[in-house]
2 protein chains.
Amino acid sequence: MEDRILLAHGDGGLLTHQLISELFLKYFRDETLKSLGDSAILPSLGEQLAFTTDSFVVQPPFFPGGDIGKLSICGTVNDLAVSGARPLYLSAGFILEEGLLLGDLEKLVASMAQTAQEAGVRLVAGDTKVVERGHGDKIFVTTSGVGQLVGRGLGTGQIRPGDLVLLNGPIGDHGMAVLSQRHGLEFEAQIRSDCAPLNGLTVPLLSRFATLRFMRDPTRGGLATTIKEIATASGRDILLLEKEIPVRQEVRWAAELLGLDPLYLANEGKVVIIVAPEEAAEVLNFLRGHPLGGMAAIIGRVLESGEEGIINIDRRREGRPHSPRGGQVYLETPLGARRLLDLLAGEQMPRIC
Amino acid sequence: MEDRILLAHGDGGLLTHQLISELFLKYFRDETLKSLGDSAILPSLGEQLAFTTDSFVVQPPFFPGGDIGKLSICGTVNDLAVSGARPLYLSAGFILEEGLLLGDLEKLVASMAQTAQEAGVRLVAGDTKVVERGHGDKIFVTTSGVGQLVGRGLGTGQIRPGDLVLLNGPIGDHGMAVLSQRHGLEFEAQIRSDCAPLNGLTVPLLSRFATLRFMRDPTRGGLATTIKEIATASGRDILLLEKEIPVRQEVRWAAELLGLDPLYLANEGKVVIIVAPEEAAEVLNFLRGHPLGGMAAIIGRVLESGEEGIINIDRRREGRPHSPRGGQVYLETPLGARRLLDLLAGEQMPRIC
């Protein structure tokens, strides 16, 4: 086998078959995958299914704490996990650029296989295409996943006023790790991506806590965008307490240096959990006892209808009429002032996942 | 909205949300998709599942008879269909290049939506990423699909000596249409891709014919590669009759002109069907009565163990020892000579799907 990806690795012929049998199947040892059928044939799932997809284009493909392979498994596992499902089966579609080092591909595939094993999911289907040099960027991976719903299902429709908003740990690690690596920035303490499969944390949550309302992983767009999405979808106003939101000191410093807001930095091992107030303390305890939740915190609250997110502001002067349907996110600063948070707009931090 | 894709369309913020709500959801009107959850939540499927994925990088994205959007739906629908499943749910991951015309994206998305509707499948999950200009190639699409197995399932393990090999129509249309478009070749009769969803053809086959053994769509690598894969996986020798393999005259001429073999050209609306001899005539009749099978033919036969694929050849001189396990493909030319067919090797025709 050549030491770089050639166009012929993508033509469906001999080199494609060699790549599959000598590299992919060396690490992805699933019996269903090995049969190389047009589809993976899987047993019937008695419960409702969760089905999701995510494309990964992160640049650079290797970064502190992870790589595009690990990320591509975690991202899809986490989308299933936060949807209230037990992730079971994954597929991977590779778009490789001519000239990619086979050694790099092998490292990424090994990383995917190891992460899939850690997450307890099976990679059962795949596809590989090759594009000419200069028409891709080393490697893009699109993973899709199928999971089985655990319990009754979650949804923004279940969110009630008074519910509390929890987070399993500090924000911004992934985004800052990738940005630092891309721009060759070095900080005293190395910032590592938080990239991790969350199903080990979320599946037990689903069975233990009856008032779990909703979960979402704050990836692209960061925590602020995710909370805004939840507020919009539920029609509820949400108040976040800035001083409760965990941010590592080194991430805070790096973000300040670069003029970035950690609230909008991507995370790949974090989950926002909305739960009724009566179970919130127990959920927090559970999170703090879990390897992925040591720095968990209650970071906010769903406001009562009519409860004022911002007091003493002339709304007309602010130019943003208060929606009677709700859907606003307020951030209370450590000094007690409140400001509106919105979706990420205009800042360009692409290729982060 | 700008008239071109910007990096900010991929940052997960405001422009990403606009792109989703104003373009994708305009065409993909599925209720589950509209809920924009982290996963699509789907009803339990009582039967075994089929699950598959395929990345599409075809260049150019628009070609006679189709486009990358239509192709991305057909390709995954067909992988499910030939696996013996009823295709039900699709996901789509888009990797867009900065600068892509929004008008082109809209055409492709409309084409996907229309093809999905024709195929009777629901697009329930999606993702969009944007890469910098020069790091992608306008648009790559990765679709994944979930289907429900119909009947007892198919497999190369069911193939028996004496089984017949059928094909639903002429080969090479897709590969030649894309190549012609890419290189600006004009032929007297325009060659159009055969790109079509095959489930309308395969699902009835599955319930009607008890001796259906195996199906596969001869895409990348063409008919020859697909038959070789079937021979290898089943451990059976297969004989193809060249004069029975339908090829349109214009494709034959164009291929001759370009020095290409139609046997290795990609197809996107063809299926190889292996069935017991006693049902072959009935299957052929059924195919010929179907809009996607008017030119169907019996093109070959699975050889008996010990039956000689090639007679009067000194195997040692040929340098390719006869495997006692079988797995060879023989092509009988119109003059009665037989030659071995192998996987596509070395010819470079990438970006065809």
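Residues numbered from 1 in each chain as written. Chains lettered and ligands numbered in written order. Predicted model: local features only at pLDDT ≥ 70, side-chain atom pairs only at ≥ 80, totals over all residues. Heavy atoms only, no water.

**As for the domain arrangement of chain A**
Residues and elements named next belong to chain A. Annotation of chain A at the domain level lists domain 1 (37–149) and domain 2 (156–341). Contacts between the two partners involve 22 residues from domain 1, matched on the other side by 22 residues from domain 2. Approximately 1,800 Å² of surface area, both sides summed, lies buried where domain 1 meets domain 2, with 64% of it carried by carbon and sulfur atoms. When the buried area of domain 1 at its contact with domain 2 is split by residue, Pro64, Asn78 and Val82 rank highest and sum to 32% of it. The tally of links between domain 1 and domain 2 comes to seven residue pairs in polar contact (both at pLDDT 80 or more). Elements supplying a minimum of two residues to the side of domain 1 that touches domain 2: strand S3 (62–63), helix H3 (68–82), strand S5 (85–97) and helix H4 (102–119). (Domains from an automatic or database assignment. Contact = heavy atoms within 4.5 Å. Buried area = accessible area lost by both parts, 1.4 Å probe. Polar contact = N/O pair within 3.5 Å; in protein donor to acceptor, adjacent residues only side chain to side chain. Helix = DSSP H or I, 4+ residues; strand = E, 2+ residues; numbered from the N terminus.)

**Quick look at the packing of aromatic side chains**
Taken as a whole and judged by the stated rule, the model has eight aromatic pairs over all chains. Taking 6.3 Å as the distance between ring centres and 85° as the angle between the ring planes, the aromatic pair formed by Phe51 of chain A and Phe51 of chain B counts as edge-to-face. Taken together, the positions of Phe51 of chain A in strand S2 (residues 49–56) and Phe51 of chain B in strand S2 (residues 49–56) put the pair across two chains. According to the relative accessible area criterion, Phe51 of chain B is buried, its value standing at 0%. Considering the side-chain rings of Phe24 of chain B and Phe94 of chain B, the 4.8 Å spacing of their centres and the 40° angle between planes classify their relative orientation as tilted. Of this pair, Phe24 of chain B sits in helix H1 (residues 14–27) while Phe94 of chain B is found in strand S5 (residues 85–97), placing the two residues 70 residues apart along the sequence. An aromatic cluster is present here, built from Phe24, Phe28 and Phe94 of chain A joined pairwise through their rings. Over the ring of Phe62 of chain A we find Lys107 of chain A; its NZ or CZ atom is 5.6 Å from the centre of that ring. Over the aromatic face of Phe56 of chain B sits the side chain of Lys129 of chain A, whose NZ or CZ is 5.6 Å from the ring centroid. (Phe/Tyr/Trp six-rings, centres within 6.5 Å; stacked < 30°, edge-to-face > 60°. Buried < 20%, exposed > 50% of the residue type's maximum accessible area, 1.4 Å probe, protein only. Lys NZ or Arg CZ within 6 Å of the ring centre and 35° of its normal.)

**Examining the pattern of salt bridges**
Residues and elements named next belong to chain B. One pass over the full model with this rule turns up 34 salt bridges over all chains. Between Asp104 and Lys107 there is a salt bridge; the shortest N-O distance is 3.8 Å. One end of the pair, Asp104, and the other, Lys107, are both in helix H4 (residues 102–119), three residues apart, so they sit about a helical turn from each other. Across the salt bridge formed by Arg338 and Glu332, the nearest N and O atoms sit 2.9 Å from each other. (Salt bridge = Lys/Arg side-chain N within 4 Å of Asp/Glu carboxyl O.)

**Observations concerning the sheet that holds strand S9 (residues 212–216) of chain B**
Paired through their backbone hydrogen bonds, the strands of a sheet run either parallel or antiparallel. All names here are of chain B. Spatially, S9-S11-S8-S12-S10-S13-S14 is the arrangement adopted by the seven strands of the open sheet, whose pairing is mixed. Edge strands, defined here as strands with exactly one partner in the open sheet, are S9 and strand S14 (338–341). Between one strand and the next, the sheet's axes are offset by a mean angle of 25°, whatever the strand orientation. (Pairing = 2+ DSSP bridges. Axes fitted to C-alpha atoms, helices over the stretch in contact; angles between N-to-C directions.)

**Details of unusual backbone geometry**
The phi angle of most residues is negative, glycine excepted, and most peptide bonds adopt the trans form. For the peptide bond that leads from Gln59 of chain A to Pro60 of chain A, omega is 0°, which places it in the cis range. By the secondary structure assignment, Pro60 of chain A is in the loop between S2 and S3. Positive phi outside glycine occurs at Lys138 of chain A, with the angle close to 65°. For Leu36 of chain B, which is not a glycine, the phi torsion comes out positive at approximately 55°.

**Comments concerning the sheet that holds strand S6 (residues 122–131) of chain B**
The strand order S1(A)-S2(B)-S7(B)-S5(B)-S6(B) describes an open sheet built from five strands, whose pairing is mixed. The outermost strands of the open sheet, each flanked by one partner alone, are strand S1 (40–42) of chain A together with S6 of chain B. The sheet shows a mean angle of 15° between the axes of neighbouring strands, taken without regard to direction. In the sheet, S1 of chain A pairs with S2 of chain B via three bridges, with the strands oriented antiparallel. Each bridged residue has a counterpart across the sheet, and for Ile41 of chain A the counterpart in S2 of chain B is Ala50 of chain B. Running at roughly 150° to S2 of chain B, helix H3 (residues 68–82) of chain B makes contact with S2, S5, S6 and strand S7 (139–149) of chain B of the sheet.

**Observations regarding the pairing of strand S13 (residues 329–332) of chain B**
All names here are of chain B. The pairing of strand S10 (residues 238–241) with S13 spans four bridges and is parallel. Each residue of the ladder has a partner; that of Ile238, found in S13, is Val329. Two strands pair when backbone bridges link them, and S13 and S14 are joined in this way by four bridges, in the antiparallel orientation. Note on S14: the bridge partner recorded for Val329 is Leu341. Here S13 folds back onto S14, and the loop between the two strands holds five residues, one of which, Gly336, carries a positive phi near 95°.

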